[in-house]
Amino acid sequence: MRMRSARFLLLSFSALGGFVPLTLSAQTPARTPDRTAPAARDQGDRAPARKIVRQATATPRVLPGINAAEARPETVQVTGSFLGTSNNANANPVQIITARQIQQTSATTLGDYLQRLPSIGSAGTSNAEPAAGAACTDLRNLGGNRVLVLIDGKRTAINGNNDCVDLNTIPVQQIASVEILKDGGSELYGADAVSGVVNIKLRHDLGDGGLTARGGITPYGDRRTGVISGYKGFNFDHGRGNVTVFGQYDTQGMVYEPTRAWAADPQVTNAPAGIARFGSSILPETRVTGGGLSLVSNNDGTFHKRTAADTYNFAQDKSLLGYLQNSSLSGDAHYDVSPHLTLYSNVRYSHRTASILNAAEPVEGSIAPSTLPESLILPAGSPYNSFGRDVYLTRRMNEFGPRADNNASDTYTVMGGAKGEIVAGWQYDASMTYGWNQDTDSIQNIGNYLHITQELGIRQLDPSSASSKVVYDPTVCTGQPGCVLQNPFMPWSQQAANYAKFTENNHSSYQLRDFNLRLHNDHVAHMPYRDGGTLGIALGMEHRSEQLSYSPDPILASGDSADSGSAYTGGGFNVTEVYGEAKLQLLHNAFLARDLTVDAQGRWSDYNTFGSTRNWKSSINWAPVSDIRFRATLGTSYRQPNVYELYGGQSFGYVAGNDPCSQVSSYGASAAAVQARCLSEGVDPKTFVSTNGGYVPTISGGNTHLRPETGKTYTVGAVVTPHWVPGLSASVEYWHYTIKNTISSIGSQYILDQCYTGAGSAYCGSIAPRSASGQLTSVYALDENLGGLRTSGIDFDLDYRLRLSWRDTLSLSNNFQQLVSYLEQYVPGGAWYNYAGRLFYQGGIGMNAGGQPRVRDYATVTWRHDAFSLTYMMTYTGGMVWNNGTRDLTRATAGQYQTPGIFMHDITLGYRLKRWNFEAGISNLLDKKPPFVFDSISNTNRAVYGALEVGRYMFLQAGVNF
């Protein structure tokens, strides 16, 4: 009876993971842009485009830090199949990461750890690149909206502001393992699993308790981190039931940009000759232009002629890394009623807050499509205008204070279900999941452009036109409570500043309802011939609905903000799906076929928005002998546009890029064409200075005419486990993705370059007329179906465990990726751009936020001696040539144009004393600085080199089990 109870406890544990039951395995220890959150500031001088973020090996990969029993389970359950399989008998390339591998690093959050892995793309975000405090992930640099993140094999609530599963809200101490399917999974898991699946398996069914505390700090005394977590499990009714409770609280301190010398003064020009310029041209002292004037106020009514020294270092008021705080609580329970019925439930709740700082508001004109004056013009009739004509003004409103972005997010997921045996080996798992997220973004000290014009006495003759002539009329202010007429060439009074600024509040919400029924039988039939294997079948049904909304601040929606603009977004969809899998072992223990297994998977989906679609996948796994195994997969993928892509309201913001008229010399052979275009628009490139410095004003938004993406993925590989080298496992995998009808917005820089060089004059229609002062006003870059995307590469994984003596072991692991190609096509039938080995130096969002290094590597070596362990970790990112999305920079077109390969080294020392575990480690042991990248914000590319931004970091951890 006790044996039977134990068996059903194991079945319960398996189903809680979201998969079909399995036999006992060894116990493990405890450029499609991702939408950038409306208030997710890139911490630069400008706010980014207010696009709401959208943005095993069959031998399980086991990095150092586990014992031999953990490394070689008799049977495994891996993501990518709903059927049980023996070790090495799965054709899907799945990487398995244990909890110990994560905890032995300096990572405080799961997102920080995943950025180490070569397969994780730079389109993922972490707290080193804040997106309103959320951390998303990405596989193969295909974008965060093309990877599906599961918890225990089932969908969970996403962050409505960022349209992704926020990895910052998942307690690291609660994670049992992470499985990464590095292959398409739409045929089994549905839409979003285009690049693969990240399945986070949590710890369940525990009968003990534990407490863990961790603290860390840098030599600068900042980035103070703290974690305290605990759990307690309770068995009842003679082990038939269990309740386990987890809790965790963690914080990460802010890092200010001036404290890092490499980021303390952002470089904003990169000409092939001459002296580089630093800082912004928008000063705390009012600047006057127009009619040949180029003056700077002395803030006392006098002026001086503007010189190259008149710039403002906006980094002095910025945070480099934001503050993050997260509180999580979860409860897990199950009860074995009978062999045919086990009831289970899981509740998870997280409250996360995050803060970042940005420089004070720069003001130069209205935000498209506002009808307020497109340029800040001081009329000739103003008593403060001594120039006798209308003049253009720009000013940084330091009197407002730095822009402080405070984000709060609450997420909970409730899942309940029943599972058990039906008859004759058939098992079922029926569950319902409800998820909810609410996100509030509050940004202080934002400029109210309407109030600023009122305090300057500016009135439009035609309020319906942004280019209307203006006159001086003090009554536009005197008739408004709180308004104070202000001399623009003097410091603003506190009363005037209070009227001219406001606190922006944006809200988003998300709801998920998911009904799931899974049936499976690993042994439906045995092949009726000698050396035949077994047939396994899995079937399932799923009905899912998702709703999402984003409500911007009313001032933002009205176009009165001086910072950015946005419109309401709201919508949803529902889908009903049927899926199945059949796995047939054709031969078992036969001559030249120790194992020959084929697998077929299929899914039919019916969306209320786009109708029905079918996706499939087939695979083969052949082991002629026990020492080597060959495998291959081929499948299709499908992704419907998400809510933001379909229904997103148009938003205005600033994306990374440069005005062609401010860098004509960088266009090489096309420089003459660019200069001619600028002159035709009344801009003289020889004297023109862009006030947007490194940014392009851009209008983005959704498109209800979008069509779904479709794709095809295939992998071919081999796994070698030579019996004459005990403890060695090596695998090599070639992978290839093709995606058609990619949903994306064409980059603003690409649009500008195509227009100004004459290569694509049709793109000129997407560029709004320049302002009266010659500045770019907006580039329209709405979502659309582009041409396609193709990428391929090779993965090489190596694990080796060597016993040096009866007291000493040495474990080595290496995870290597070679990128072969990364091709994007912006227009159907148009040119393909190969971005392999390219770094998008301007930063940005989505797939083209970071870069595509040809080589990435993560290696670890662990030496164990009795209760001591010492682990060395090395991360390598290959060198890249800088690219702006259109062309590579060269020595002839830029001062700096490439980045070398970068190594980072970590060490961790561990010690176990009875029930206690102690760890001490140093991340970035050699204090490697991020390489210089001309991004006009922080002097590096944060999406690629974010792990280096902190510098050397030290941590201590202690844990006890009871």
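Looking at an unreviewed UniProt entry, the chain carries the name TonB-dependent receptor protein, with the source organism given as Gluconacetobacter sacchari DSM 12717. As stated in UniProt under Subcellular location (unreviewed entry), the record for the chain gives "Cell outer membrane". Note on the chain: under the UniProt heading Sequence similarities (unreviewed entry), the record states "Belongs to the TonB-dependent receptor family."

1. A short note on the state of the cysteines
For the structure on display, the rule yields four disulfides. The disulfide partner of Cys-477 is Cys-483, and the S-S distance across this bridge is 2.0 Å. Its S-S torsion of approximately -120 degrees makes the covalent link between Cys-477 and Cys-483 left-handed. The exposure class of Cys-477 is buried, given its relative accessible area of 0%. With a sulfur-sulfur separation of 2.0 Å, Cys-661 is cross-linked through a disulfide to Cys-678. One disulfide, between Cys-661 and Cys-678, carries an S-S torsion of -105 degrees and so falls in the left-handed class. One end of the pair, Cys-661, is in the loop between strand 30 (651-656) and helix 11 (671-680); the other, Cys-678, is in helix 11, with 17 residues separating them in the sequence. A relative accessible area of 0% places Cys-678 in the buried class. The cystine pairing of the chain, numbering bonded cysteines in sequence order, is 1-2, 3-4, 5-6, 7-8.

2. Notes on the pattern of salt bridges
All told, the structure shown has 36 salt bridges when counted by the stated rule. Where Glu-257 meets Lys-318, a salt bridge forms, and the shortest distance between an N and an O atom there is 2.3 Å. With Glu-257 in the loop between strand 10 (255-256) and strand 11 (287-290) and Lys-318 in the loop between strand 13 (303-305) and strand 14 (319-321), this pair connects stretches of sequence that are 61 residues apart. Each member of the pair, Glu-257 as well as Lys-318, is classed as buried. Between Asp-473 and Arg-459 there is a salt bridge, and its shortest N-O distance comes to 2.8 Å. Here the residue Asp-473 occupies a position in the loop between strand 23 (470-472) and helix 7 (475-478), and Arg-459 occupies one in strand 22 (residues 458-460), the gap between them amounting to 14 residues. The exposure class assigned to Arg-459 is partly exposed, which follows from its relative accessible area of 34%. In the salt-bridge network here, residues are joined through shared partners; they are Glu-542, Arg-544, Glu-546, Glu-577 and Arg-603.

3. What about the pairing of strand 46 (residues 916-923)?
Looking at chain direction, strand 45 (residues 902-913) and strand 46 are connected through seven bridges and run antiparallel. Paired with Gly-910 across the two strands is Glu-919, which belongs to strand 46. As consecutive antiparallel partners, strand 45 and strand 46 are separated by two residues, and within that stretch Lys-914 has a phi angle of approximately 55 degrees, a positive value. With eight bridges connecting them, strand 46 and strand 47 (residues 953-961) associate as antiparallel partners. Within strand 47, the residue paired with Phe-918 across the bridge is Ala-958.

4. Section: the environment of Asp-310
In this fold, Asp-310 is placed in the loop between strand 13 and strand 14. Put simply, Asp-310 and Leu-283 are 27 residues apart on the chain and 7.5 Å apart in space, counted from C-alpha to C-alpha. For Asp-310, the residues in contact, after removing those within four places along its chain, are Leu-283, Val-296, His-304 and Lys-305. There is a polar contact of 3.1 Å between the side chain of Asp-310 and the side chain of His-304.

Here is what the cut-offs are and how they apply
Residues numbered from 1 in each chain as written. Predicted model: local features only at pLDDT ≥ 70, side-chain atom pairs only at ≥ 80, totals over all residues. Heavy atoms only, no water. UniProt positions renumbered as here; feature names shortened; annotations may be inferred. Disulfide = S-S within 2.5 Å. Buried < 20%, exposed > 50% of the residue type's maximum accessible area, 1.4 Å probe, protein only. Helix = DSSP H or I, 4+ residues; strand = E, 2+ residues; numbered from the N terminus. Salt bridge = Lys/Arg side-chain N within 4 Å of Asp/Glu carboxyl O. Pairing = 2+ DSSP bridges. Contact = heavy atoms within 4.5 Å. Polar contact = N/O pair within 3.5 Å; in protein donor to acceptor, adjacent residues only side chain to side chain.

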